[in-house]
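In case you want the letters, here they are:
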Amino acid sequence: MSLTIALNRGRILKECLPLLARCGIDVGEDISASRKLVFDSVCGNFQLLIVRGSDVPTYVEHGAADLGVTGKDTLLEHDGGSGYYERLDMGIGRCQLMTAAPVGADLDLPKLRVATKFVRVAQDHYARLRQPVSIIALSGAMEIAPVMGLADCIVDIVDTGNTLRANGLEALDSITEVSTRLIVNKAAMKTKYDAVEALITQLRAVV
Ligand code: PRP
C-alpha cells in the first residue's frame, strides 16, 4: 500500500532526505535540484510531496497526504490540529522560538509592537506575561522590522543566532524549543495502519 508524505521544503527537507534514504525511501534523483514537486520512490511504495512548511499540516489533515514532516513551530501556529496525530520527534531542525530586540532596546513600554510570523505563539506568550501587545504579522525577515521602526521586538526562530547578530538584535526570552515532527492523518492511521507503523518503526531507528 502506497503512502504519501508531505515534506517541508528548504532546510528541513535537506536534513530529512538522508533519514528517509536510510529507511529505503529514495526517489533516484536530486529533489533539491528539481522544479518538480511530486516524486515517486524507486521502491514504488511512497510518494513525496514538496510543499511549504505551513501547508504540510493542511495536506495531512485533509488527507491529501498520509504523513507530513514539518517543524513544531509550524504545528503550533497551524489553525487546527484535529485531523492528525503528532507521532515522532525526528531529532532534526532543533532550534528555539524566542523574543528578540535591538541590542539595549528599552522594552518597558505600555504596549509592545511585536513583528512575527508566529502570531498565535506570540499572542499566547505575551498573554501569559499579561503584557499588552500589538502583533504585526509578517511572512519572513522579521529581523529588520525593529531596525526599520516597524516594531519594538520580534518573535522568531533562533538557531545559531547569526541572523539576529547580523542585524543588531539580541535574543531575549525563549518561548519554546522546537524540532521537526512527523504527523499522520487520523484516517490513514486506521486505513493504512500497518504501512504507517512500519515506517514509524524504521524512522524511530534512524533518528
Ligand atoms: C529562520 C529564522 C531566522 C533564521 C535563524 O529563517 O526566521 O531568520 O532562520 O537562524 P540562525 O539563528 O541560525 O541565524 P529561515 O532561513 O528558515 O527562512 P524563513 O525566513 O523563510 O523562515
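Residues numbered from 1 in each chain as written. Predicted model: local features only at pLDDT ≥ 70, side-chain atom pairs only at ≥ 80, totals over all residues. Heavy atoms only, no water.

What follows covers the site of the ligand. As a matter of local geometry, the ligand sits amid Arg 11, Lys 117, Glu 143, Asp 156, Ile 157, Val 158, Asp 159, Thr 160, Gly 161, Asn 162 and Thr 163. Note that an oxygen atom of the ligand is positioned 2.8 Å from one of the side-chain N or O atoms of Arg 11. Glu 143 places a side-chain nitrogen or oxygen 2.8 Å from an oxygen atom of the ligand. The protein chains hide 67% of the 500 Å² of surface that the ligand would expose on its own. Mapped onto the shell around the ligand, the elements with two or more residues apiece are β9 (153–158) and α6 (162–166). Counting residues per element, the shell around the ligand draws most heavily on β9, which supplies three residues. Across the shell around the ligand, the residue classes tally to two nonpolar, four polar and five charged. (Near = heavy atom within 4 Å. Polar contact = N/O pair within 3.5 Å; in protein donor to acceptor, adjacent residues only side chain to side chain. Areas by Shrake-Rupley, 256 points an atom, 1.4 Å probe, with all protein chains shown as cover. Helix = DSSP H or I, 4+ residues; strand = E, 2+ residues; numbered from the N terminus. Nonpolar A, V, L, I, M, F, W, Y, C, P; charged D, E, K, R; others polar.)

Moving on: the nonpolar core. Membership of the largest hydrophobic core comes to 29 residues, with the highest contact counts inside it found for Ile 5, Leu 7, Leu 48, Met 90 and Leu 203. Of all the elements in the fold, those that place two or more residues in this core are β1 (3–8), α1 (11–22), β3 (46–51), β4 (67–71), β11 (180–185) and α8 (193–206). When neighbours within four sequence positions are excluded, Met 90 is seen to be in contact with Cys 16, Leu 19, Val 69, Thr 180, Arg 181, Leu 182, Leu 203 and Val 207. Among the nonpolar cores identified, the runner-up in size contains 24 residues, and Cys 95, Cys 153, Val 155 and Val 178 belong to it. (Core = buried A, V, L, I, M, F, W, Y, C linked by side-chain atoms within 4.5 Å. Buried < 20%, exposed > 50% of the residue type's maximum accessible area, 1.4 Å probe, protein only. Contact = heavy atoms within 4.5 Å.)

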